[in-house]
Amino acid sequence: MSTTRSYSPGDRGPEPSGASGASEGDAPTDVVPTGGATAVPVAPSGSRQIRRLSFDGESGVVPLARDFTRQALYAWGWLPAATADQRAAAEDVLLVVSELVTNACLHAEGPDQLEITCDNKVIRIEVSDRGTGQPAPRTPHRAGRPGGHGMFIVQRLCLDWGVVRAPGVTGKRVWAELGAPA
């Protein structure tokens, strides 16, 4: 698992500037605001789908992020789960979202935005914040000790994870990728 690579192996890098949140390769779609969230309509299968949630002025951001993610999982067909493996995959996504948003709350003055990207094989979660710290699993990990397990959990559940920093800009984006259910 990586904490230094900006992108996972095979990733093409960041979206072009001005990305609308539409599915890759599709014509622009209507964006529907829902509270602080920007929900992007479901795209045809085989497409990359993106949803973004802005936390600007929101309170209760961890449950808000989980609810937003759960709605995306329903829209993308991850829920309702038909098998135990599919249910476990969806629960892992919700747990990783909770951990990344909680870390932003505890260590970076709160999250700015949650972005979830899904294709047929991988779901990518990105949480942006204005913090300067570097997330890392607690070493050595002590299972019986309270607190400090967030990034260890992310590391264990995800295919890969890392941090993206833009030069000259305060803050970072912490990303994690999980495999789609079989």
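In short, a report on the structure. This one's a predicted model, so the numbers in the text were calculated from it and none came from an experiment.

Bringing the overall build of the protein into the picture now. Broken down by element type, the protein carries three helices and seven strands. Along the protein, helices (α) and strands (β) appear in the sequence β-β-β-α-α-β-β-α-β-β when read from the amino end. In the protein, which comprises 182 residues, the share counted as buried stands at 41%. Put simply, 59% of the contacts in the protein that link residues at least 6 apart link residues at least 24 apart. Counting only carbon and sulfur atoms, one obtains 52% of the accessible surface of the protein, whose full area is about 9,600 Å².

Attention now goes to unusual backbone geometry. Look at the link from Leu79 to Pro80: it is a cis peptide, with omega at -5 degrees. With respect to the helices, strands and loops of the structure, Pro80 is situated in the loop between helix H1 (61-75) and helix H2 (84-107). The residue Glu109 is not glycine, and still its phi comes out positive at about 60 degrees. Here Glu109 is to be found in the loop between H2 and strand S4 (111-118).

Right, let's talk about the nonpolar core for a bit. Among soluble globular proteins, nonpolar side chains are generally buried collectively. Within the largest apolar cluster, 33 residues are counted, with the highest numbers of intra-cluster contacts made by Leu100, Leu114 and Ile123. Taken together, the elements giving at least two residues each to this core come down to H1, H2, S4, strand S5 (122-129), helix H3 (150-157), strand S6 (160-164) and strand S7 (172-179). Considering each element in turn, this core owes the most residues, nine residues, to H2. Those residues in contact with Leu100 that sit more than four places away from it in its chain are Ile125, Val127, Met151, Val154, Val174 and Ala176.

Among the secondary structure elements, Gln49 is positioned in strand S3 (residues 49-54). Classification of Gln49 as buried rests on a relative accessible area of 10%.

Looking now at the pairing of S5. The side chains of a regular strand alternate, first on one face of the sheet and then on the other. Here S5 lies mainly inside the structure; seven of its eight residues are buried. Two strands pair when backbone bridges link them, and S4 and S5 are joined in this way by seven bridges, in the antiparallel orientation. Within S5, the residue paired with Pro111 across the bridge is Asp129. Between S4 and S5, which pair antiparallel in sequence order, lie three residues. When S5 meets S7, the two strands line up antiparallel, connected through eight bridges.

A word on H2. Over its 24 residues, H2 extends 34 Å from the first C-alpha to the last, a length consistent with the 34 Å expected when each residue adds 1.5 Å. Of the residues one or two after H2, Glu109 is the one with positive phi, at around 60 degrees.

Before going further, it helps to spend a moment on the packing of aromatic side chains. Applying the stated criterion across every chain yields a total of zero aromatic pairs. Looking at Arg124, its charged tip hangs above the ring of Trp175, at a distance of 4.4 Å from the centre.

Under the counting rule described, the total for this entry stands at seven salt bridges. The salt bridge partner of Arg70 is Asp67, with a shortest N-O separation of 3.1 Å. Here Arg70 pairs with Asp67, and both are found in helix H1, just three residues apart, close to one helical turn. For Arg70, a relative accessible area of 29% gives the class partly exposed. Ionic contacts of the salt-bridge type, sharing partners, join the residues Arg124, Glu126, Arg173 and Glu177 into one network.

Each value, and the rule that gives it
- Residues numbered from 1 in each chain as written.
- Predicted model: local features only at pLDDT ≥ 70, side-chain atom pairs only at ≥ 80, totals over all residues.
- Heavy atoms only, no water.
- Helix = DSSP H or I, 4+ residues; strand = E, 2+ residues; numbered from the N terminus.
- Buried < 20%, exposed > 50% of the residue type's maximum accessible area, 1.4 Å probe, protein only.
- Contact = heavy atoms within 4.5 Å.
- Areas by Shrake-Rupley, 256 points an atom, 1.4 Å probe, with all protein chains shown as cover.
- Core = buried A, V, L, I, M, F, W, Y, C linked by side-chain atoms within 4.5 Å.
- Pairing = 2+ DSSP bridges.
- Expected span 1.5 Å × (residues − 1).
- Phe/Tyr/Trp six-rings, centres within 6.5 Å; stacked < 30°, edge-to-face > 60°.
- Lys NZ or Arg CZ within 6 Å of the ring centre and 35° of its normal.
- Salt bridge = Lys/Arg side-chain N within 4 Å of Asp/Glu carboxyl O.

Remember that the coordinates give geometry; whether it matters functionally is a separate question.
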